[in-house]
Amino acid sequence: MGSKPLEYNQHSLTGEITVPGDKSISHRSVMFGAIAEGDTTVTGFLLGDDCLNTVACFRQLGVDIQQTEDKLVIHGKGWSGLKEPKEVLDVGNSGTTIRLLMGLLAGRESHSTIIGDESIGKRPMTRVTKPLTEMGAQIDGRQNGEYTPLSIRGGQIKGITYHPSVASAQVKSSILLAGLQAEGRTTVIEPEKSRDHTERMIRQFGGIVEEDGLSVSVKGGQTLKGTTIHVPGDISSAAFFLVAGAIVPNSSIILKNVGLNPTRTGIIDVLKEMGADMTIEMKSDENNFEPVGDITIKTSNLKGMTIGGDLIPRLIDEIPVIALLASQAEGQTIIRDAQELKVKETNRIDTVVNELSKLGVAIKATEDGMVIQGNNRLTGGTVSSHGDHRIGMMLAVAALICENEVFLQEKESISVSYPQFFNDLQQLIATD
Ligand code: S3P
């Protein structure tokens with residue numbers, strides 16, 4: 001672990017890769033497949049640790065899920081097919097699993113206990129336990145329901161109108177999953193729009209969801225029908241190679257089949273505004289489920305910018321690698337309105353600033369983001385993912401432009417969302 005340096009610095013990147021399936025959509029495909037009636041077939045499922053934890057939790061809830069490589073067949077039996085689990089549900093590192101699972105369990109006449117890893121134990125849960133309790137679920141956890149272990153006893157719940165204080169798709173989705181089982185109507189009104197995979201998924205499974213600006217509503221008592229889901233490539237995983245292609249000299253990368261849902265494409269907007277040499281070819285979106293396209297990116301002359309406001313939820317997971325991108329731009333980049341970074345898998349303001357500083361980047365933390373000076377020459381040294389997959393991948397990309405050796409500690413965390421990350425990277429180096 002970290003005893004050998006990463007061996008690929010100072011190579012250009014060329015060729016074509018297909019990034020793994022979208023994490024958010026993979027989680028939801030299992031959850032909706034489980035509560036639908038009939039079989040759901042999922043292709044391109046992300047075999048990362050987080051999504052495999054979702055599969056394990058739903059098997060514990062009595063759902064029959066068959067897996068052959070990245071294809072799943074989920075034998076849904078409707079809401080009543082979910083049984084009371086005999087053992088504790090363990091979500092590992094996955095915030096999406098725990099928060100959405102709670103919404104789903106809020107409407108079931110059963111008791112469950114949910115735990116996760118050390119990082120999950122530090123992540124705030126009141127943002128979901130509060131609205132779900134308001135709907136009628138009984139939830140408790142460490143520090144008044146803020147932290148795991150959490151216990152939940154669901155049952156008859158009623159619809160509410162809720163205004164979350166943060167734009168969070170996990171919060172919105174949790175409430176909507178409860179709302180589908182509640183008496184009456186449930187509405188979530190967000191401060192800014194967060195990713196809308198749950199809304200699209202409900203429709204794909206034959207359900208009804210109403211959207212009006214920042215307001216999303218569902219009626220309770222809906223029955224969903226099994227369907228087919230083709231999971232597009234994860235733009236959050238593609239982001240590492242988009243940035244690598246833009247900052248590593250003499251590079252040209254094609255990323256195939258990337259999900260381009262407009263609620264997720266903030267990274268594309270940033271690359272464009274910074275001046276990246278990038279083209280996108282959209283593929284036809286037959287079932288109107290999730291838009292998909294191929295992206296070509298080449299080494300680019302970049303300029304700094306300010307990133308904030310309603311752009312933040314559209315690129316929240318990409319901020320670590322955007323900080324690296326900004327370090328290679330001309331001029332200053334300011335990232336603001338991004339306090340949510342503090343409650344991700346790690347405090348991503350601290351981990352990004354500390355680890356990139358070690359490699360020679362001029363970067364400073366602010367209360368709600370960071371300020372990065374451009375045109376940095378990266379040195380090298382020992383850095384750590386701190387158990388955070390996206391920090392690990394960002395640092396591995398940084399190593400590509402470091403002048404000296406880079407030792408990356410805790411790189412195994414990358415398997416949370418991109419198990420074949422180093423193979424894909426190697427492939428782009430090999431075609432050099
Ligand atoms: C996710 C929502 C986002 C994101 C996470 C996945 C989802 O979290 O950071 O990686 O699948 O709903 P928040 O809802 O906390 O912003």
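First things first, this report covers the structure right here in the doc. (Residues numbered from 1 in each chain as written. Predicted model: local features only at pLDDT ≥ 70, side-chain atom pairs only at ≥ 80, totals over all residues. Heavy atoms only, no water.)

## Describing the overall build of the chain
Then step 1. Helix and strand counts for the chain stand at 13 helices and 22 strands.
Then step 2. At 21 Å, the chain has a C-alpha radius of gyration in line with the 22 Å of a compact globule built from 432 residues.
Then step 3. Expressed along its principal axes, the backbone C-alpha trace of the chain runs to roughly 60 × 45 × 45 Å.
Then step 4. For the chain, the share of sequence-separated contacts (at least 6 apart) that also reach a separation of at least 24 residues comes to 76%.
Then step 5. Counting only carbon and sulfur atoms, one obtains 46% of the accessible surface of the chain, whose full area is about 16,000 Å².
Then step 6. One finds the centroid of the 41 positive side-chain charges in the chain at a distance of 3 Å from the centroid of its 54 negative side-chain charges. (Helix = DSSP H or I, 4+ residues; strand = E, 2+ residues; numbered from the N terminus. Rg over C-alpha atoms; globule rule 2.2 N^0.38 Å. Contact = heavy atoms within 4.5 Å. Areas by Shrake-Rupley, 256 points an atom, 1.4 Å probe, with all protein chains shown as cover. Lys, Arg positive; Asp, Glu negative; His and termini not counted. Charge placed at Lys NZ, Arg CZ, Asp CG, Glu CD.)

## Structural notes on the nonpolar core
Then step 1. Counting residues in each nonpolar core, the largest one holds 76 residues, and the members touching the most others are Met370 and Phe421.
Then step 2. Per-element tally for this core: the top contributor is helix H8 (residues 235-247), with ten residues.
Then step 3. With residues near it in sequence (within four places) discarded, Phe421 still touches Phe240, Phe241, Met393, Ala396, Val397 and Ile414. (Core = buried A, V, L, I, M, F, W, Y, C linked by side-chain atoms within 4.5 Å. Buried < 20%, exposed > 50% of the residue type's maximum accessible area, 1.4 Å probe, protein only.)

## Re the sheet that holds strand S18 (residues 332-335)
Then step 1. The four strands lie next to each other as S17-S18-S20-S19, forming an open sheet whose pairing is mixed. The open sheet has two edge strands with one neighbour each: strand S17 (306-307) and strand S19 (363-366).
Then step 2. Taken together, the two bridges between S17 and S18 define a ladder with parallel strand orientation. Within the sheet, the bridge partner assigned to Thr306 lies in S18 and is Ile334. (Pairing = 2+ DSSP bridges.)

## Digging into the side chain of His197
Then step 1. Within the secondary structure, His197 is located in helix H7 (residues 197-204).
Then step 2. Within the structure, the side chain of His197 is placed 2.8 Å from the side chain of Arg264, a separation counted as a polar contact. (Polar contact = N/O pair within 3.5 Å; in protein donor to acceptor, adjacent residues only side chain to side chain.)

## Considering the packing of aromatic side chains
Then step 1. Following the criterion strictly, the structure yields six aromatic pairs and no others.
Then step 2. Centre to centre, the rings of Phe241 and Phe421 are 5.4 Å apart; their planes meet at 35°, and the pair counts as tilted. Of the two residues, Phe241 sits in helix H8 while Phe421 sits in helix H13 (residues 421-430), which places them 180 residues apart along the sequence.
Then step 3. By relative accessible area, Phe421 is classed as buried at 0%.
Then step 4. Through successive ring pairs, a cluster of aromatic residues spans Phe240, Phe241, Tyr418, Phe421 and Phe422. (Phe/Tyr/Trp six-rings, centres within 6.5 Å; stacked < 30°, edge-to-face > 60°.)

## Side note on helix H10 (residues 319-327)
Then step 1. Burial analysis of H10 places nine of its nine residues in the buried class, which makes it a mostly covered element.
Then step 2. For H10, the set of buried residues is Ile319, Pro320, Val321, Ile322, Ala323, Leu324, Leu325, Ala326 and Ser327.

## Side note on the site of the ligand
Then step 1. Around the ligand, the structure places Lys23, Ser24, Arg28, Thr96, Ser168, Ala169, Gln170, Arg195, Ile316, Asp317 and Lys344.
Then step 2. Between Thr96 and the ligand, the recorded distance is 3.4 Å, taken from a side-chain N or O atom to an oxygen atom.
Then step 3. One nitrogen or oxygen atom from the main chain of Ala169 is found 3.0 Å from an oxygen atom belonging to the ligand.
Then step 4. Out of a free accessible area of 380 Å², the ligand has 95% covered by protein chains. (Near = heavy atom within 4 Å.)

## Description of the pairing of strand S8 (residues 147-153)
The side chains of a regular strand alternate, first on one face of the sheet and then on the other.
Then step 1. The sheet contact formed by strand S6 (residues 111-115) and S8 spans four bridges and is antiparallel. The residue bridging His111 from the neighbouring strand is Arg153, located in S8.

## Structural notes on the layout of surface pockets
To locate leftover empty space, one rolls a probe as large as a water molecule over the atoms.
Then step 1. The space that makes up the largest pocket amounts to roughly 580 Å³.
Then step 2. For the largest pocket, the lining is made up of 38 residues, of which Ala167, Ser168, Ile316, Glu340 and Lys344 are closest to its centre.
Then step 3. Where the lining of the largest pocket is concerned, the elements lending two or more residues are helix H1 (23-35), helix H3 (95-106) and helix H6 (169-179).
Then step 4. Partitioning the lining of the largest pocket into residue classes produces nine nonpolar, twelve polar and 17 charged. (1 Å grid on protein atoms, 1.4 Å probe; cavity = no way out; pocket = protein on both sides within 12 Å on 5 of 7 lines; lining within 4 Å. Points joined across faces, edges and corners; volume = space filled by probe spheres on them. Nonpolar A, V, L, I, M, F, W, Y, C, P; charged D, E, K, R; others polar.)

## Quick look at empty space enclosed by the protein
Then step 1. Tallied over the entire structure, the rule returns one cavity of 30 Å³ or more.
Then step 2. As a volume, the largest cavity reaches approximately 50 Å³.
Then step 3. Forming the boundary of the largest cavity are Asp22, Ile25, His197, Pro232, Gly233, Ile235, Gly259, Leu260, Asn261, Arg264 and Glu290.
Then step 4. Looking at the lining of the largest cavity residue by residue, the class counts come to four nonpolar, four polar and three charged.

## Some words on H3
Then step 1. The end-to-end C-alpha distance of H3, which contains twelve residues, comes to 17 Å, matching closely the 16 Å that a straight helix rising 1.5 Å per residue would cover.
Then step 2. Within H3, twelve of the twelve residues are buried, leaving the element largely enclosed by the surrounding structure. (Expected span 1.5 Å × (residues − 1).)

## Section: the packing of H8 against H10
Then step 1. In contact at an axis separation of 10 Å, H8 and H10 are set at 5° when each is read in the N-to-C sense. Relative to H10, the element H8 is oriented roughly parallel. Between H8 and H10, the contacting residues are Ala239, Phe240, Val243, Ala246 and Ile247 on the first element and Val321, Leu324 and Leu325 on the second.
Then step 2. Its residues assigned to classes, the contact of H8 with H10 comprises eight nonpolar, no polar and no charged. (Axes fitted to C-alpha atoms, helices over the stretch in contact; angles between N-to-C directions. Parallel < 35°, antiparallel > 145°, perpendicular 65-115°, else oblique.)

Honestly, that's just the spatial picture; any functional story needs more than this.
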